[in-house]
Amino acid sequence: MFELEQVLHRVQKPARYVGGEWNVVRKDWDKTAVRVAFAFPDVYEVGMSHLGLQILYHVVNSREDALLERTFAPWVDMEGEMRRRGLPLFTLESHRPVKDFDILAFTLQYEMTFTNILNMLDLAGIPLRSEQRGPGHPLVIAGGPCAFNPEPLADFIDLFVIGEGEEVIHELLDLYLELGGHRLDRQRFLHRAAAIAGVYVPSLYRVEYHADGTISAIEPVASGVPARVVKRVVRNFDRAPFPVKPLVPSLGVVHDRGMLEVQRGCTRGCRFCQAGVIYRPVREKSPATLLQQADEIIRHTGYDEISLVSLSTADYSRIQEMVRSLLDRLEGMGVSVSLPSLRVDAFSVALAREVQRVRRASLTFAPEAGTQRLRDVINKGVTEENLMEAVSAAFAAGWTAIKLYFMIGLPTEREEDLHGIAGLARQVLARGKEMGVPGNRLRVTVSASSFVPKSHTPFQWEPQVEMEELRRRQRTLRGLLKGKGLVFHWHEVEASFLEAVLARGDRRLGRVLEEAWRLGCRFDGWSECFDFEKWQEAFHRAGINPARYAYRRYAYDDLLPWDHIDAGVSRKYLVLEHKRAMEGKATPDCRTGVCPGCGLCPTLEIEPELLEQVEKNASG
Amino acid sequence: MPRYRIEYRKEGMARFISHLDLVRTLERAMRRAGLPLAFSRGFNPHPRFSLGAPLPVGVMGEREYLDLELVTALPEDEIKGRLNEQLPGGLEVTRVWSIPEDAPALMATLEKATYRVDLRLVRAITPEDLRKIIDGLLALPEIIITRRSGDKKEKTLDIRPGIHALSGRVEGNRVTLEMCLAVGSRATVRPEEVVQVLAERFGLPVADEQPGVSRTGLYCGG
């Protein structure tokens, strides 16, 4: 404790490491049968903004026989102090070493945190590779969106959870206790766990390769281990456990407000979007549940703002009614309501206008592509008219700055699509002028990220555009977006390249990750830390050519590194969607009642939980 | 509107909460406590309360103060009780009393702060040694130090006028210093600066570690 306190005086933002926040759960270590350390491989401010952490904190700590404490990636200054003094990675609740826990559970939110996972294992004093761990080491498990292509981490993680964790975590903890708790036989546990739906134990699968390095087979090596691991989905979502007493950080975090999850899943079917696939089907909560949860969250946290979170909140069936009821209840208490993302239409702007109490300068929309042709390719059901209606409504309501998100390097992108981006930005600017927005306040900001092909999407077979070409396209846009009132932001292409390598990588990348970590790569998602030269050196040392991962075009019948992980959407459908993309054909939103046939509902024996449907079923 | 002065402690791990984050933490506790808070006017209303001199991160506060406005009067004990039920560990209200609505703002009236600094020494010294060291410092007509502000600009200043009292006692290889230093908008002297002068100019053999620093009181004028 004294060591820790000494260290805290020497680092930036020491509150990142102290815990003790409101609603923290502290349990009696000696009286609790199974102890889980939940690790978020990024800084506190990012991790504490993550709803999944709050949900699992609540779910595990609700059990009498289990406790869950948090740990985050120490920032570089803290890591330095910890290593200098031999202070191991610890949890915020009890300040105990992570190594003392039964289970260490990482959440995989984005690929660029992977080196932090290795670093945290090392700081904890836990051997990096699963095969090097034995009795006395925690089980190292992981879940979250990046678990849908777990292969780059296969060497380091004992067990992955594929899909939603609320239920399967109980099954894992029960099994752990059944097999003798911390005295259990690791191998026996992993073998038994592999039979739990949604659990993937990478050491129980063998990967074989063709002479050209492509994958020829991925097979279980033991009986009782499924050939394909199907994702977990929470049914009856309205009743799913939800944290109404969330931890209230004592340090300003990225999303510093109450979070109310109005629905899970998104029906829009954008073809680049992995979240749209892995969180299927859409499941809405009832207004009654939401209003009650909102009341409790505010009462237990003292937040002055509550955010309606989901992948596409404006799509929630009763959004307008919901927003009004919330405002009626909360406004008197000085609590505001916020919407995290806006759909590109006038309806969404009207909603944003209704909830805004603090006039923020800008509104953000994501048309994603600059021409109708390319928006049809990606199935982004947004037209130029939608956008112009939305921005007109925004200007009319008093907003003076608009942010537009686009992707460059999307499949089939041509020069005219880049010009389309600039054209849209200029049209928005012109509309602002027409509508009398003062010239010194009128601003259109274009942010262009680079497309990264992701597993389980119709674009999983597509190559990423090469770095040099992406740079050229960025230069083109920079040239086209010069002028008063226009601002252009872009992303480092090297970071997008690495993301693509890891997103579609296989287990051979484990060596690269280890080399990169040894070379000092940390916090690769932070531009001040990202060092591409070190990564190049790591690829070189591991004898791996990263371009083969990022730039490769897969054939439909190639075996993909993640083909044994089943997100519920059929391969046939992804192929069909890819073909429709190349033909520029749109696919309807499944919320409209026209089923596009993704295959998920029959495979998982589930149905979308839409309010109208749920009520119809209930009434007869 | 009824106005109250609240005395509170900030200690343990809560001492690592920054001033800005403390404001947020207190506001949330007040909301949870369901106090009839008075809000500022304007587009983005905030509860009307204000803190005394910011406490540096890592320093404990034994008697810190804030002024709070409510829309309806409440018994002082009730305010204290309701807040204490809602404050995270390390923060505790110790006293609440009502003050005139037109009492001057806290920040404007504070001029002095007292501190207790616990130091470990690398070798033992006698009480006589310590007395000589302290007397040596107090005998200086001026003490010029350089201070680095946030943006790394250095400035030199004389901290001697801001050292109102300094005493200490020795227990083996530990020394406890009591200081009364200037605080507030005009001149602030930091306890670490005094320790540094004692170490560098008068040979107090302090160990290379962070001393335990507590602010033990805040005082108006005089």
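Per an unreviewed UniProt entry, chain B carries the name Radical SAM-linked protein and comes from Desulfofundulus australicus DSM 11792.

Chain A goes by Radical SAM family uncharacterized protein in an unreviewed UniProt entry, where it is assigned to Desulfofundulus australicus DSM 11792.

A. The environment of tyrosine 200 of chain A, seen in detail. Residues and elements named next belong to chain A. Relative to the helices and strands, tyrosine 200 resides in strand 6 (residues 199-200). Along the sequence, tyrosine 200 and aspartate 65 sit 135 residues apart, while their C-alpha atoms lie 25 Å from each other. Apart from the residues within four sequence positions on either side, tyrosine 200 is in contact with Pro150, Glu151, Leu159, Phe160, Ile162, Tyr205, Val229, Arg507, His564 and Ile565. Within the structure, tyrosine 200 has its side chain in polar contact with the side chain of arginine 507 (distance 2.9 Å). Looking at tyrosine 200, its side chain comes within polar contact range of the side chain of histidine 564, at 2.9 Å.

B. Region of the structure containing the domain arrangement of chain B. Residues and elements named next belong to chain B. Taken domain by domain, chain B holds domain 1 (3-103) and domain 2 (109-220). Centre-to-centre separation of domain 1 and domain 2, based on C-alpha positions: 29 Å. Each partner contributes residues to the interface: domain 1 has twelve residues there, and domain 2 has nine residues. Counting across the interface, domain 1 meets domain 2 through two salt bridges. Glutamate 64 is the partner of arginine 215 in a salt bridge, and the nearest nitrogen-oxygen pair spans 2.7 Å. The class makeup of the residues in the side of domain 1 that touches domain 2 is six nonpolar, three polar and three charged.

C. Spotlight on helix 20 (residues 571-582) of chain A. Residue and element names in this part refer to chain A. The terminal C-alpha atoms of helix 20, which comprises twelve residues, lie 17 Å apart, in line with the 16 Å expected from a rise of 1.5 Å per residue. Where helix 20 is concerned, the buried positions are Tyr573, Leu574, Val575, Glu577, His578 and Ala581. Tucked inside the fold, the buried residues of helix 20 contact helix 12 (372-377).

D. Quick peek at the interface of chain B and chain A. Every contact between the two is made by 26 residues of chain B and, on the other side, 32 residues of chain A. Interface of chain B and chain A: buried area, both sides summed, is about 2,300 Å²; carbon and sulfur atoms make up 54% of it. Considering only the surface of chain B that becomes buried against chain A, Met13, Phe16 and Arg28 of chain B emerge as the three largest contributors, covering 29% of it. Where chain B touches chain A, the interface holds four salt bridges. The salt bridge partner of arginine 24 of chain B is aspartate 256 of chain A, with a shortest N-O separation of 3.8 Å. At the boundary of chain B with chain A, the tally comes to seven residue pairs in polar contact (both at pLDDT 80 or more).

E. Looking closely at unusual backbone geometry. Residues and elements named next belong to chain A. Along the chain, arginine 280 connects to proline 281 via a cis peptide bond; the corresponding omega equals -5 degrees. Looking at the element boundaries, proline 281 is found in the loop between helix 8 (275-278) and strand 12 (283-284). Within the chain, asparagine 23 stands out as a residue other than glycine whose phi angle is a positive 70 degrees. As for its position among the elements, asparagine 23 is in the loop between helix 1 (2-8) and strand 1 (34-40). You will see that asparagine 379, though not glycine, has its phi angle at about 60 degrees, which is positive. Mapped onto the secondary structure, asparagine 379 falls in the loop between helix 12 and helix 13 (384-396). Asparagine 379 sits in the buried class, given a relative accessible area of 5%.

Parameters and conventions
Residues numbered from 1 in each chain as written. Chains lettered and ligands numbered in written order. Predicted model: local features only at pLDDT ≥ 70, side-chain atom pairs only at ≥ 80, totals over all residues. Heavy atoms only, no water. Helix = DSSP H or I, 4+ residues; strand = E, 2+ residues; numbered from the N terminus. Contact = heavy atoms within 4.5 Å. Polar contact = N/O pair within 3.5 Å; in protein donor to acceptor, adjacent residues only side chain to side chain. Domains from an automatic or database assignment. Salt bridge = Lys/Arg side-chain N within 4 Å of Asp/Glu carboxyl O. Nonpolar A, V, L, I, M, F, W, Y, C, P; charged D, E, K, R; others polar. Expected span 1.5 Å × (residues − 1). Buried < 20%, exposed > 50% of the residue type's maximum accessible area, 1.4 Å probe, protein only. Buried area = accessible area lost by both parts, 1.4 Å probe.

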